[in-house]
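Fold and contact review
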Amino acid sequence: MACGSCGTTENGVPRGCKSNGNCGSGTCGSGSNKLAVFDWLSNMTLPSGQEKFNIFEVRFKNGRKHFYKNPDNLPITMGDIVAVEGSPGHDIGTVSLAGELVKVQMKKRKITEDHEDVKKIYRKASQRDIDIWQQSRAKEEETQRRGREILGRLGLQMKLSDVEYQGDGNKATFYYTAETRVDFRQLIRDLASAFSIRVEMKQVGARQEAARLGGVGSCGRELCCSTWLTDFRKVTTSAARYQQLSLNPLKLAGQCGKLKCCLNFELDTYLDALKTFPKQDVVLKTEKGEAVFVKMDIFKQHLWYTYKEERFKWFRLTLDQVLEIIELNKNNEKSATLEEYESDVEVLVKVDFEDAVGQDSLTRFDVPKTSKRRRNNRNKNKKKPVGAVANKTQGKPNQKRKPAAKQQKPKPRPNPNAKPNQPKAENGKPKPKPRPRPNPNAKSDESQPKGEVKKTNKPRRNNRNRKNNKPNNAGDSEKK
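The structure displayed is predicted, hence computed values, not measured ones.

A word on the sheet that holds strand β6 (residues 159-165)
Taken in spatial order, the three strands make up an open sheet running β6-β7-β8, and their pairing is mixed. Looking along the sheet, the strands with just one partner apiece sit at the ends: β6 and β8 (198-203). Taken over all neighbouring pairs, the strand axes of this sheet differ in orientation by 25° on average, direction set aside. Sheet strands in contact with helix α4 (residues 185-195) are β7 (171-177) and β8, and its direction is about 135° off that of β8.

Have a look at this one:
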């Protein structure tokens, strides 16, 4: 096998894919190669006298596969790069399947051994063939961009989705999608003159285009058309109606713009379950009045009906009750009211999630948390009466009291005969005054007194107890 991490041991035990399906050999059925087939018969020997099947499956760009004969009996294994017959010239591809499983794939596609599409394998690709192949593959993106510019200049109603070069670089296939028939004869001339190659135009549908490009669907998985789905059946809106789905084109359409292929997957199960249900246009005749159909739950076999005159309330009935009412109406008899039938319906209580292990609630992050700082700030900003604070401090002597506000002393009256205070040194002698430096830019002002004028130091207020510094507090402290 091509990938060393996959495959089997000497005893036939599978090793398991250590690359988790992301290897480049294409033998795991996943990863970069689409619609790959794993050869489970690789470790089995053929019976004596039986020759190996001489047709191989070769894979090209975007999962395109064809079958090729090996007339020269070359020693080819899965993963080898081979040069095969092209039209014209030769093409380069990778062997994706060999052995007896190729017969199964040919039978699935209804291709016989002598079919005209089964061409020849020339040789194993040399290093020169691989270099030319890689150079031509590198030009595909630029060719697609310039091809779209030519399309826009010609004004053709078509979309160029992909470009694939042949292995020898002499031919390119342009894949396009168009809703109507397009005359692209002038386009082929312009493309051939612009790139100096042989041009082949191939139209594909919207589903084939999505299969070639690939992607991830709304279910979170890789697209079915690009991994395992090979036949694209017709999907209609009746499939959605049978499954009681809302006809919303945004939800029912896939990446290709058409209805999703998965609408057909469970359609047969719904059709089998709907065989016993009555038609939706049947009107039930009761003693209270006529009732019409509203909706149904197919697998629970519940139907909802409402009166024509009172449509604000719906009544849940079982399938057996509805069939009983229809049988009575066939005999020209009116059944009891829907309220009586609904009272007999037993609705199973749905068991909710139980927090037995101690997990947190799934909605614990939905409600925003309130910060504790805001709560503390709001409590601090609330004003309390002074008497209540005094009573609290008297009743709890053991608690630490906050420092009280400093009592402001009355300012002394200024003495005109007194000299200005001089700062004293440590020995008690007054310090000499510093001489003021002359400022040449400063303007002389005769109105100002000469010498320095010292500002009196005002007592600092305690900002924390600013709110408590009121005349009431001062009076209380003097009384004490």
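Some points on the packing of helix α3 (residues 140-154) against α4
At their nearest, the axes of α3 and α4 sit 11 Å apart, and the two run at 140° to each other. One element, α3, and the other, α4, form an angle in the oblique class. For the crossing formed where α3 meets α4, the hand is right-handed. Facing α3, whose interface residues are T143, R146, G147, I150, L151, R153 and L154, α4 presents Q186, L187, D190, L191, A194 and F195. Tallied by class, residues from the contact of α3 with α4 come to seven nonpolar, three polar and three charged.

A few points about the nonpolar core
Formed by 20 residues in total, the largest nonpolar core has its most connected members in I55, F67, V82, V84, V102, M106 and I121. Looking at this core, the elements that each hand over two or more residues are β1 (55-59), β2 (65-69), β3 (81-85), β4 (90-97) and α1 (101-108). For V84, the contacting residues outside a window of four places in its chain are V58, F60, Y68, H90, D91, K120, I121 and Y122. Listed in part, the 18 residues of the second largest apolar core include F293, M296, L317 and I325.

Looking at the sheet that holds β1
Strand order in the closed barrel formed by five strands is β1-β2-β5-β3-β4, and the pairing between neighbours is mixed. Pairs of neighbouring strands in the sheet enclose a mean axial angle of 55°, with direction left out of account. As judged from the five bridges shared by β3 and β4, these two strands associate in the antiparallel manner. Looking at β4, one finds that E85 is bridged to H90. Taken strand by strand, α1 contacts β1, β2 and β4, and its axis lies near 70° from that of β1. Its contacts with the sheet place helix α2 (residues 127-138) against β3, β4 and β5 (119-124), and it is angled at close to 100° to β4.

A few points about unusual backbone geometry
That bond from S87 to P88 is cis: its omega, -10°, falls within 30 degrees of zero. Within the secondary structure layout, P88 lies in the loop between β3 and β4. Positive phi, normally seen in glycine, also occurs at K110, with a value near 60°. On the secondary structure map, K110 appears in the loop between α1 and β5. Since its relative accessible area comes to 75%, K110 is described here as exposed.

Side note on α3
In this model α3 runs 21 Å from its N-terminal to its C-terminal C-alpha over 15 residues, within 8% of the 21 Å that 1.5 Å per residue would give. All of the buried residues in α3 are E140, T143, Q144, G147, I150 and L151. All buried residues of α3 fall inside an arc of 120° around its axis, so they share one side. Counted as exposed and oriented over 90 degrees from the buried face of α3: E141, G152 and R153. Buried-residue contacts for α3 involve α2, β6, β7 and α4.

A short note on the pairing of strand β11 (residues 302-307)
The element β11 is largely enclosed, with a buried count of six among its six residues. Going residue by residue along β11, you find H302, W304 and T306 tucked away on one face and L303, Y305 and Y307 tucked away on the opposite face as well. Pairing analysis gives six bridges linking strand β10 (residues 290-297) to β11, with the strands arranged antiparallel. By the bridge assignment, M296 is partnered in β11 with L303. Adjacent in sequence and paired antiparallel, β10 and β11 are bridged by four residues, among which Q301 carries a positive phi angle near 60°. The pairing of β11 with strand β12 (residues 315-318) spans four bridges and is classified as antiparallel. Its bridge partner lying in β12, Y305 is registered against F315.

Rules of the game
- Residues numbered from 1 in each chain as written.
- Predicted model: local features only at pLDDT ≥ 70, side-chain atom pairs only at ≥ 80, totals over all residues.
- Heavy atoms only, no water.
- Pairing = 2+ DSSP bridges.
- Helix = DSSP H or I, 4+ residues; strand = E, 2+ residues; numbered from the N terminus.
- Axes fitted to C-alpha atoms, helices over the stretch in contact; angles between N-to-C directions.
- Contact = heavy atoms within 4.5 Å.
- Parallel < 35°, antiparallel > 145°, perpendicular 65-115°, else oblique.
- Left-handed = near helix turned anticlockwise from the far one by under 90°.
- Nonpolar A, V, L, I, M, F, W, Y, C, P; charged D, E, K, R; others polar.
- Core = buried A, V, L, I, M, F, W, Y, C linked by side-chain atoms within 4.5 Å.
- Buried < 20%, exposed > 50% of the residue type's maximum accessible area, 1.4 Å probe, protein only.
- Expected span 1.5 Å × (residues − 1).
- Arc of directions from axis to C-beta.

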